[in-house]
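Read off the chains here:
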Amino acid sequence: MKDFGFTLSPSSAVSLDKVDSRLWHKLLETSPDAAVCISCGSCSASCPAARWSGMSIRKVLLALQRGQSVAPMLSCCMLCGKCTMVCPRGINTRKLILALCRICEKP
Amino acid sequence: MKEKVLIIGGGIAGMEAARQLQALGCSPLLVEKEHGLGGHVARWHKLFPDMLSAESLVTELEAGLSGVTVYRHTEVKSINRLKDSYSVKLSNGENLVVRAVLLATGFRLFEAAKKEEYGYGVYDHVVTNADLEAWMNGFPDERMPEAPRAVGFVHCVGSRDIKAGNSQCSKVCCMTAVKQAIEMRERYPQAEVYCFYMDLRLFGKKYEDFYIGAQRDFGIHFIRGRVSEVGETIDGRVQVKAEDTLLGKPVKVILDLLVLMSGMVCNPSASALAPQLRLEIDSDGFLRSRDNVAGILESGRPGIFYAGACTGTKTVPETLAEARAAALRIYQYLQA
Ligand SMILES: Cc1cc2nc3c(=O)[nH]c(=O)nc-3n(C[C@H](O)[C@H](O)[C@H](O)COP(=O)(O)OP(=O)(O)OC[C@H]3O[C@@H](n4cnc5c(N)ncnc54)[C@H](O)[C@@H]3O)c2cc1C
Ligand code: SF4
Ligand code: SF4
Ligand code: SF4
């Protein structure tokens, strides 16, 4: 290709109508409560893995709904369950991660 | 002799106050500039949080008005203070002398076309919250798509917007958006529904339950970000751009219908009456109460009282409660 001295980077915009939400809907089948997350961030703030790994349930749930990848974050969870204690919507976040891991293993 | 009380505005505030004043032995005179009573509520379909039929509420309030003098299609031309009463000239030529005046002039919906970037009146499939209520009431609207695949709601249209001249939150539109989003999902289960919000302000009884239901039972997508731009695609659909501020990325979506949640602003005809009665206007453009804690119904002028959305955004139960309280307050004023 001819070198014009610059490159074009693809748009970072997410097209909501083209999102691949199969993983999200698969999760909802067994964990319908995932839908009531309000992105408050209590889970991430209480997570002992967050500060060195970037693990965040809040981000995982949002990423799933916007078709972004979550696997790298999931592998950092220690399943300690602290996040479940603080969720104001009563989401069993620990169970939810387990369910997700199972789905990701055999899609 | 029964004491006469003029009520300006035949919305739910004016109607309920008239019914109560009548029951207290006064003689209320209700003046409404339109033909029909019920104000804005008469245009709505179902009322949150119980999905009560708006029509049945208005019918019930109207039934309570037997014996009340109602002037329809009538406005107040002029009003002057006498010693301990007011002399009123109506647009139908009648002159009245009343002991007290209740302003129940309500609000006006923000004109969505003023926010040009949202394309109201420009693109084919952009409507307001009020248009959607009218359509649900059976009024045909050619802007409504046949079988929509995607519907979007824009919160805070003309509210919380200093540039639009309204810094205040209109308070009811978040809940109205959640309600209408659910109603659209019920009608069109195959459609994806998106709400673009800045903050979700769901303050009232059961409102949060509606929100949880919208998320869990109806799969409505809540996107935190203000719509920045609306355009039309070649096939006449609506394209919306925003930033998903939680994701930290721009998002776009193509919709078959975009609903603008127009806010509540003060009714200009209340602002026009204000100078004649030497009433003050508050910083938000609504009528200024004596204070906003214990004196919301009081104008600060003798014999002049307020009820309902003329002093700020109110829900239906708040408006009705104020109307009842105002009737009692006027009764006490007349006894004194
Ligand atoms: C889209 C939308 C949906 C809503 N849905 C709900 C809901 O589901 N549940 C809920 O609790 N609340 C809801 N609300 C809020 C509700 O509409 C208000 O609480 C209610 O309308 C306030 O009643 P009001 O009588 O004070 O004012 P209005 O309804 O504005 O009535 C005022 C009346 O006074 C008349 N008038 C004004 N000036 C004059 C004058 N100078 N002379 C004679 N007559 C005059 C007007 O013509 C009108 O009839 C909604 C609001 C919006 C914008
Ligand atoms: S269970 Fe996982 S995500 Fe939750 S606090 Fe523990 S490490 Fe963090
Ligand atoms: S604590 Fe619960 S509601 Fe808050 S972000 Fe985490 S999962 Fe969502
Ligand atoms: S109630 Fe919601 S939509 Fe309406 S102005 Fe307030 S924040 Fe905006």
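Remember, predicted model here, so these are calculated numbers, not experimental data.

Residues and elements named next belong to chain B. Segmentation of chain B into domains returns domain 1 (4–106 + 267–335) and domain 2 (110–264). Once you take the C-alpha centre of each, domain 1 and domain 2 turn out to be 31 Å apart. Listed by partner, the interface residues are 15 residues for domain 1 and 21 residues for domain 2. When residues of domain 1 are sorted by the area they lose upon contact with domain 2, H45, F48 and T313 head the list and together hold 42% of the total. Across the contact surface, domain 1 and domain 2 share one salt bridge. Where domain 1 packs against domain 2, one counts seven residue pairs in polar contact (both at pLDDT 80 or more).

It is worth spelling out the packing of aromatic side chains at this point. Two measures describe an aromatic ring pair: the distance that separates the ring centres and the angle between the ring planes. Residue and element names in this part refer to chain B. Applying the stated rule across the entire model yields six aromatic pairs over all chains. Ring geometry for Y197 versus F222: centroids 6.5 Å apart, planes at 70°, classification edge-to-face. With Y197 in strand β13 (residues 192–197) and F222 in strand β14 (residues 221–224), the pair connects residues that are 25 residues apart, well separated along the chain. Across this residue pair, the class does not change: Y197 and F222 are buried. With 5.1 Å between their ring centres and 75° between their planes, F203 and Y207 make a pair best called edge-to-face. By way of ring pairs, the aromatic residues F48, F203 and Y207 are connected into one cluster.

Turning our attention to the nonpolar core. Within the largest apolar cluster, 96 residues are counted, with the highest numbers of intra-cluster contacts made by B:L6, B:F153 and B:M184. Ranked by the residues each element gives to this core, the list is headed by helix α4 (residues 173–187) of chain B, at eight residues. Two domains each provide a minimum of three residues to this core, namely domain 1 (4–106 + 267–335) and domain 2 (110–264) of chain B. Residues within four places of B:F153 in sequence aside, it is in contact with B:L132, B:A177, B:Q180, B:A181, B:M184, B:V193, B:Y194, B:C195, B:F196, B:L258, B:V259 and B:M261. In this structure, A:M55, A:A63, A:M73 and B:I212 belong to the second largest nonpolar core, which totals 29 residues.

Residue and element names in this part refer to chain A. Residues in close proximity to ligand 3 total 13 residues, the closest being C37, C40, G41, C43 and C87. When contributions to the shell around ligand 3 are tallied by element, the ones reaching two or more residues are α2 (42–46) and α4 (57–65). Considering only residue class, the shell around ligand 3 consists of eight nonpolar, four polar and one charged.

Cut-offs applied
- Within each chain, residues carry numbers counting from 1 in the order of the written sequence.
- Think of it this way: whatever chain is written first is A, whatever ligand is written first is 1, and the rest follow in order.
- Given that this is a predicted model, residues contribute local features only at a pLDDT of at least 70 and side-chain atom pairs are listed and counted only at 80 or more, while totals for whole chains, interfaces and linings are drawn from all residues.
- Calculation of side-chain values draws on the structure's entire complement of heavy atoms; hydrogens and water are dropped beforehand.
- Domains are outlined according to an automatic or database domain assignment.
- Two residues form a contact once any of their heavy atoms are found within 4.5 Å.
- Reported buried area values correspond to the accessible surface (1.4 Å probe) lost by two parts on association, with both partners' losses combined.
- Salt bridges are defined as contacts in which a side-chain nitrogen from Lys or Arg sits within 4 Å of a carboxyl oxygen from Asp or Glu.
- Contacts described as polar in this section are N or O atom pairs within 3.5 Å, which, within protein, must combine one atom able to donate a hydrogen with one able to accept it, while residues neighboring in sequence count only if both atoms come from side chains.
- Here a pair means two rings of Phe, Tyr or Trp (six-membered ring of Trp) with centres within 6.5 Å. Their orientation is stacked below 30 degrees between planes, edge-to-face above 60, and tilted elsewhere.
- Put simply, DSSP marks the helices as runs of H or I at least four residues long and the strands as runs of E at least two long, and each gets a number from the N terminus on.
- Three labels apply to residues, based on accessible area from a 1.4 Å probe with only protein chains included: buried if under 20% of the type maximum, exposed if over 50%, partly exposed otherwise in between.
- Nonpolar cores are built from buried Ala, Val, Leu, Ile, Met, Phe, Trp, Tyr and Cys residues. Side-chain atoms within 4.5 Å join them into one set.
- For each residue, the test is whether any non-hydrogen atom lies within 4 Å of the molecule or strand; if one does, the residue is near.
- Residue polarity is assigned by list, with Asp, Glu, Lys and Arg as charged and Ala, Val, Leu, Ile, Met, Phe, Trp, Tyr, Cys and Pro as nonpolar; anything else, Gly included, falls into the polar class.

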